[in-house]
Each structure stands twice: as C-alpha cells, then as structure tokens.
Amino acid sequence: MRGDRARSDLSSTRFADLRWVAETTSTNADLLREAAAGAPEGIVLVADHQTAGRGRLGRSWESPPGASLLLSVLLRPALKPSQAHLVASAVGLSAVTACQRVAGVDPRLKWPNDLLVDLDGAERKAGGILAESIIEHDVLEAVVVGLGLNVNWPQTIPEELAGIATALNLVTGREVDREDLLVALLRELDGWCAQLEHEEGRDLLRATYLARSATVGREVRVERPGGTLEGRAVDVTADGHLVVEDEAGSTIEISAGDVVHLRHG
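Parameters at a glance
- Residues numbered from 1 in each chain as written.
- Predicted model: local features only at pLDDT ≥ 70, side-chain atom pairs only at ≥ 80, totals over all residues.
- Heavy atoms only, no water.
- Axes fitted to C-alpha atoms, helices over the stretch in contact; angles between N-to-C directions.
- Helix = DSSP H or I, 4+ residues; strand = E, 2+ residues; numbered from the N terminus.
- Parallel < 35°, antiparallel > 145°, perpendicular 65-115°, else oblique.
- Left-handed = near helix turned anticlockwise from the far one by under 90°.
- Contact = heavy atoms within 4.5 Å.
- Core = buried A, V, L, I, M, F, W, Y, C linked by side-chain atoms within 4.5 Å.
- Buried < 20%, exposed > 50% of the residue type's maximum accessible area, 1.4 Å probe, protein only.
- Pairing = 2+ DSSP bridges.
- Right-handed = clockwise from strand over helix to strand, strands pointing away.
- Polar contact = N/O pair within 3.5 Å; in protein donor to acceptor, adjacent residues only side chain to side chain.
- Salt bridge = Lys/Arg side-chain N within 4 Å of Asp/Glu carboxyl O.

1. Section: the packing of helix α3 (residues 85-103) against helix α6 (residues 199-212)
One can describe the packing of α3 onto α6 by two numbers: an axis separation of 10 Å at closest approach and a directional angle of 55°. Relative to α6, the element α3 is oriented oblique. In this structure, α3 meets α6 at a crossing whose hand is left-handed. From α3, L86, S89, A90, L93, V96 and Q100 reach across to α6, where they touch R202, L205, T208, Y209 and R212.

2. Some words on the nonpolar core
Of all hydrophobic cores here, the largest spans 61 residues; its most connected members are V73, L149, L181, L182 and L186. In terms of residue count, the dominant contributor to this core is α3 (12 residues). Excluding anything up to four places from it in sequence, V73 contacts F15, L31, I43, V44, V143, V144, V145, L186 and L189.

3. Considerations on the sheet that holds strand β1 (residues 18-24)
If you trace the seven strands from one edge of the open sheet to the other, you get β1-β2-β5-β9-β8-β7-β6, paired in mixed fashion. Whereas interior strands pair on both sides, the edge strands pair on one side only; in this sheet they are β1 and β6 (108-110). Adjacent strand axes in the sheet meet at a mean angle of 25°, parallel and antiparallel pairs treated alike. Strand direction decides the pairing type here: strand β7 (residues 114-119) and strand β8 (residues 122-136), joined by six bridges, are antiparallel. What sits directly across from D118, in β8, is E123. Helix-sheet contacts for α3 involve β5 (68-75), β6, β7, β8 and β9 (139-150), and the interaxial angle to β9 is about 30°.

4. Considering the pairing of β1
In this structure, β1 lies alongside strand β2 (residues 44-50), joined through six bridges in parallel fashion. Across the sheet, the residue bridging to R19 is L45, located in β2. Since β1 and β2 lie parallel, the crossover through helix α2 (residues 27-36) that links them has a hand, and here it is right-handed.

5. Looking at the side chain of T13
When you line up the elements, T13 lands in the loop between α1 (4-9) and β1. Among the polar contacts listed, one links the side chain of T13 to the backbone nitrogen of F15, at a separation of 3.0 Å.

6. Observations regarding unusual backbone geometry
Working note: non-glycine residues mostly have negative phi, and peptide bonds are mostly trans. Going from W111 to P112, the amide bond is cis rather than trans, its omega being 0°. Turning to its location among the elements, P112 is positioned in the loop between β6 and β7. Phi is positive for H137, close to 55°, though the residue is something other than glycine. Positionally, H137 belongs in the loop between β8 and β9.

7. Here we look at the pattern of salt bridges
For the coordinates displayed, the defined rule picks out 18 salt bridges. D114 is paired through a salt bridge with K125; the nearest N and O atoms lie 3.2 Å apart. Residue D114 is found in strand β7, and its partner K125 is found in strand β8; the two are separated by 11 residues along the sequence. Between R218 and E123 there is a salt bridge whose closest N-O contact spans 3.0 Å. You can see R218 sitting in the loop between α6 and β10 (219-224) and its partner E123 sitting in strand β8, a full 95 residues away along the chain. On the basis of relative accessibility, which here comes to 8%, the residue R218 falls in the buried class. A relative accessible area of 26% means that E123 is categorised as partly exposed. Connected through salt bridges with shared partners, the residues R5, D177, E179 and D180 form a single ionic network.

Now the structure itself:
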C-alpha cells in the first residue's frame, strides 16, 4: 500500500493517520470536508496527482503525476484566529528542514506561502503552501494546510514556468525520494505543533522563520484587495503577519496579500 513505510515511521507522531491516494481533485478540499464533519487533527492526505489543486487567490495548477509531493494536513491548534498564519509558517519551516536533510537543498521562505531556491543566481519557486481555516464564533476550529513541493520534474521545464519555478531534482542533479521527504517534514511539523501550544514556542517559531525569510529586508510590492502597497519588508509579527515600511516611514501590518520581491535588500 502506498505510504506504508512513512506510516510506520510516523506511528509515534500525531500524523499516524496517513492516507495516500493516486489521484484526487484537491487534498485541501478533501480535508476541509473532513474537518467540517468533525474529524480529529493529524489526518494527512497525500496524492500522486491533483486534478484541481488550488493556490492562493483562487489560482489553479496541475503537476505531472508523481512529480511533486502533494499533501494536506488537518490541525486543530489552540490558537486565536489571528494566529492562523503560524500554522502555515510551521509547515513552511518543516518543508525547509525536510529539503535540507533529504535533498541537500536549502530553500528560503517568501511570505506568505512560497519556498524559493537559488538556481543559477536567480530565485526559483520550488513549492507553495495554502492554509485554509474553519472559524466559528470567533474560535479557530481547524486549519487545513496544503503543500505542493516540486520534487522530480522532467529536465525540460514547461515554457510557462521557465525562469519562475524549479524542482529539487533539477537543483541536486539526482532523484529525490518523496516518501523520505514526507517523513522528515511531518516529524519536524510534529515538533512545531507542540511549540505552538505555548508563547515561548511561538517566539521560537517567529525567530526561526525570520532567519529563513527571503522577504524581510527586501523591497516589495504587496497586492491586496484594498490596493497595492510598495515599501520595505521589515519584520514578521508574533502572529505571523508581514510588516512593511512605506516610503513615508509608516509601518503597515499585512495579514493577507500577494507579495512581489522587487529587488534584493
């Protein structure tokens, strides 16, 4: 059965309920239905192929079957709704660690949801994260976090992605085991989930995220529903929100938006 080795390796973590399918429309959509029906935290759904995978702002995307690590996790953290960003940050950091340990690749995190790697002196996207919350009566009932990580892509990148994206095998020059990546990621995430339960752990998460940030210190353009903001990303708050200083020297806290890196700081 798909994922048996990973299931065994994760048996002592909160992610023992690992489900691996050949194909689905969207792992996030599947787990959101599970969450709404009252399923407990810790369910992990991995798919070899998604036919309707979703990114931020309603974007859709599709990857070749078996070429990427496509997964979603269901969590029920004891956090305020304003702190839901921290769960996505924990997944991002866990993915970074997994890439380092398994593939020898050292990604950085672009706020709010991308993993970037340096390839031939330029930034390329190697993965993306989508976190979706269920909030009832101002209580964060559940967070489903999806991750798409480009692992073993063909040597010829599709023309529409050339110069934008890459995969771990194209960086390392060798095939990377998706199951090893999955286990390393979820073991790391299990530890971060425990850290999220107390303030000191959340402070550690913020400090670690800042050390891995590709955005803080950069000139950015933030596209928001209410308009576009340009300035310098200067910090990430305790709740995981981005802080941008505009040309007038005012600081603005961003809880949601699409970020474009304008140049290196």
